[in-house]
Amino acid sequence: MHDQRLAMLAGKAFFDAVKGYVIKFKYDFVTTEKFKEYWHSMADVGEIIDAYLSVPAQSAPNAE
């Protein structure tokens, strides 16, 4: 399953979606909701985005 996700992210469709994202939002402030809404409109990418956003942020090693 992980390999399928990596293949999807490396595919032409994903890069086309990134290009569309940049074109659509280049002059706009993007909220988390707008970000999710856009990516959910791109087939299975929304699932990957949700998984990515659900991972808690980690501190850098030795950060104080």
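Here, every reference points to the structure presented above.
Conventions adopted
Residues numbered from 1 in each chain as written. Predicted model: local features only at pLDDT ≥ 70, side-chain atom pairs only at ≥ 80, totals over all residues. Heavy atoms only, no water. Salt bridge = Lys/Arg side-chain N within 4 Å of Asp/Glu carboxyl O. Buried < 20%, exposed > 50% of the residue type's maximum accessible area, 1.4 Å probe, protein only. Helix = DSSP H or I, 4+ residues; strand = E, 2+ residues; numbered from the N terminus. Contact = heavy atoms within 4.5 Å.

## Section: the pattern of salt bridges
Next, step 1: Applying the stated criterion to the full structure yields one salt bridge.
Next, step 2: The partner of D28 in a salt bridge is K34, and the shortest N-O contact between them spans 3.0 Å.
Next, step 3: D28 gets classed as partly exposed once you look at its relative accessible area, which sits at 38%.

## Quick notes on the environment of F35
Next, step 1: Structurally, F35 can be placed in helix α3 (residues 32-40).
Next, step 2: When the C-alpha positions of F35 and Y21 are compared, they lie 8.8 Å apart, and in sequence the two are 14 residues distant.
Next, step 3: When neighbours within four sequence positions are excluded, F35 is seen to be in contact with Y21, V30, I49 and L53.

## Focus on the environment of E47
Next, step 1: As for its position among the elements, E47 is in helix α4 (residues 45-53).
Next, step 2: For E47, a relative accessible area of 51% gives the class exposed.
Next, step 3: Along the chain, E47 and K36 lie eleven residues apart, while their C-alpha atoms are 9.7 Å from each other.

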